[in-house]
There are 2 protein chains.
Amino acid sequence: MTTTERRPLTRERIIEAAVAFADEHGIDALSMRKLGQVLGVEAMSLYNHVAGKDDILDGMVQHLFAGIGPIDTAGDWKVTARAAATAAKNAFAAHEWAVPLISTRETTSEASFGIMDVMIGMLLADGYDPETAHHAWHVIASHVLGYAFQEANSVFGRRDDQAREEAEQLLREYGRIFPNLAAVATYLMECSHDEEFQYGLDIILSGIEARKPA
Amino acid sequence: MTTTERRPLTRERIIEAAVAFADEHGIDALSMRKLGQVLGVEAMSLYNHVAGKDDILDGMVQHLFAGIGPIDTAGDWKVTARAAATAAKNAFAAHEWAVPLISTRETTSEASFGIMDVMIGMLLADGYDPETAHHAWHVIASHVLGYAFQEANSVFGRRDDQAREEAEQLLREYGRIFPNLAAVATYLMECSHDEEFQYGLDIILSGIEARKPA
DNA sequence: ACCTGAACACCGTTCAAGT
DNA sequence: ACCTGAACACCGTTCAAGT
């Protein structure tokens, strides 16, 4: 439990440890005292490098957005949109705590504005009017957030052993009352999250393409 | 602060009060002690009617799903899907705490399975294969969750005075670095959430229609 | 049967004291 | 400059005691 790391404390190291702790024990279990323990230090020492717990949580959100990485704008807007959306979905779905955390904090960091600026810029350059470009942004953003939500936070999305067992239990329980649920049960249990995400993205990007003003 | 209501405590009344409290003060501020105070009772009395705080939070999620209401299946699958998706989005977007709360608790209640069963049943009856029906469910669900997220939890989504001011501040700050953001600023500030949601839903439902197997 | 007060094991955070 | 111990105002929850 007590790591014996003796590198000096920094904001980055604290946030890194917080991410690891939340991955393992869940974000609700994250406390200043436990985080200090992991870093081999008293809780109060953290305040020398960080403004408080809120600052740590902000840092974790920043960490999530940094995980999206730079966006390659070499192709056309559809290629860029697909790459950016997929990278964002993967960055969020990689941590169970990502969606709940983002949803209680402000998502409007420089990183998120940067992605938005690139995406809308490519649409405008391709001949879209600002209003349609704005619509397109919202639809894509909904898909990314909504799918990350489903992948990381529903029993059918998570693919650990415990989630599988719970999912099977639920399907047994509700399968008799809800026959149509039973009819798609195998897909719920076994669908590829990447294929599933791309399927919806295909629909959305084609729809946006079809709505390009003449 | 202390309401003088003297009706007997019940689970429903406690959950109702919790919803109202979270609406006003945010879900993080919700505690057993403060909830007791609102109900004119000591915190410990709540345990006579409720298993604990988790039980209250579960009740709040149940309350959200109940708010979606019964689904009218009189029209074709697209009409039903639009009605159900819109009702769900509105129920979730009505409370800032809805998305964060659902995202940390299990969403697989009888209510959510019921909606899913109806939707998939209509698609199957219309001639869709189970795999495509399952895809359709995921895409629609992402849009609902993702848009509720954006409407209730982003500065641009919320339409109270404080959010407007923060949004304008952010646009001033980042508008110079990100010109394409500035180009769509007025739409971000003033778009109709219902029209925006329907725009994306149009794309998604049309796309699903186009993928109906021959 | 329902409510309460005191208590326990936890929180985040402040602050004076140490080195 | 950085770390610490004690303290404060909060948590959720248990339990024996009241009515």
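Definitions and cut-offs
Residues numbered from 1 in each chain as written. Chains lettered and ligands numbered in written order. Predicted model: local features only at pLDDT ≥ 70, side-chain atom pairs only at ≥ 80, totals over all residues. Heavy atoms only, no water. Least-squares fit on C-alpha atoms with pLDDT ≥ 70 in both. Contact = heavy atoms within 4.5 Å. Domains from an automatic or database assignment. Core = buried A, V, L, I, M, F, W, Y, C linked by side-chain atoms within 4.5 Å. Buried < 20%, exposed > 50% of the residue type's maximum accessible area, 1.4 Å probe, protein only. Helix = DSSP H or I, 4+ residues; strand = E, 2+ residues; numbered from the N terminus. Salt bridge = Lys/Arg side-chain N within 4 Å of Asp/Glu carboxyl O. Near = heavy atom within 4 Å. Polar contact = N/O pair within 3.5 Å; in protein donor to acceptor, adjacent residues only side chain to side chain. Nonpolar A, V, L, I, M, F, W, Y, C, P; charged D, E, K, R; others polar.

### A look at the relation of the copies chain B and chain A
- Mapping chain B onto chain A leaves a residual RMSD of 0.0 Å; the transformation is a rotation of 180° accompanied by 0.0 Å of translation along its axis. On this basis, the relationship between the two copies can be described by a two-fold rotation axis. Rotation axis and chain B: the residue whose C-alpha lies nearest the axis is Gly 146 of chain B, separated from it by 2.0 Å.
- An overlap of 100% is found between the interface residues of chain B and their copies at the interface of chain A, pointing to a shared contact surface.

### Regarding the domain arrangement of chain A
- The domain architecture assigned to chain A consists of domain 1 (11-50) and domain 2 (72-210).
- Once you take the C-alpha centre of each, domain 1 of chain A and domain 2 of chain A turn out to be 29 Å apart.

### Side note on the nonpolar core
- In terms of nonpolar packing, the biggest core is built from 145 residues, with Met 60, Phe 92 and Ile 208 of chain A together with Met 60, Phe 92 and Ile 208 of chain B touching the most fellow members.
- What Ile 208 of chain B contacts, discounting residues up to four positions off in sequence, is Ile 203 of chain A together with Trp 77, Leu 123, Tyr 128, Ala 136 and Ile 140 of chain B.

### Some details on the environment of Thr 86 of chain B
All names here are of chain B.
- Inspection of the secondary structure assignment puts Thr 86 in helix H4 (residues 77-93).
- Through-space distance from the C-alpha of Thr 86 to that of Phe 197 is 8.0 Å; in sequence the pair is 111 residues apart.
- Other than its neighbours up to four places away in sequence, Thr 86 contacts Asp 194, Phe 197, Gln 198 and Leu 201.

### A look at the pattern of salt bridges
- In the structure shown here, the tally under the stated rule is 18 salt bridges over all chains.
- Arg 105 of chain B is paired through a salt bridge with Asp 54 of chain B; the nearest N and O atoms lie 3.7 Å apart. Pair noted here: Arg 105 of chain B is in the loop between helix H5 (98-104) and helix H6 (110-125) and Asp 54 of chain B is in helix H3 (residues 53-66), with a separation of 51 residues, a long-range link.
- Within this structure, Asp 54, Asp 58 and Arg 105 of chain A form a network of salt bridges that share partners.

### Some words on the protein's contact with DNA strand D
- Met 32, Arg 33, Lys 34, Tyr 47 and Lys 53 of chain B are the nearest of the 16 residues found near DNA strand D.
- Of everything in DNA strand D that lies within 4 Å of the protein, sugar and phosphate atoms constitute 53%.
- Take Ser 45 of chain A: an N or O atom from its side chain is 2.9 Å from a phosphate oxygen of DNA strand D.
- Within the contact set of DNA strand D, a phosphate oxygen lies 2.9 Å away from a side-chain nitrogen or oxygen of Tyr 47 of chain B.
- Here the surface near DNA strand D takes three residues from helix H2 (residues 32-38) of chain B, the largest share from any one element.
- Partitioning the surface near DNA strand D into residue classes produces six nonpolar, five polar and five charged.

### Regarding the protein's contact with DNA strand C
Residues and elements named next belong to chain A.
- Looking at DNA strand C, there are 16 residues lining it, with Met 32, Arg 33, Lys 34, Tyr 47 and Lys 53 nearest.
- In DNA strand C, atoms within 4 Å of the protein come 56% from sugar and phosphate.
- One of the side-chain nitrogen or oxygen atoms of Lys 34 is found 3.2 Å away from a phosphate oxygen of DNA strand C.
- In the model, a phosphate oxygen of DNA strand C is placed 2.9 Å from a nitrogen or oxygen of the Tyr 47 side chain.
- Per element, the largest residue contribution to the surface near DNA strand C is three residues, and it comes from helix H2 (residues 32-38).

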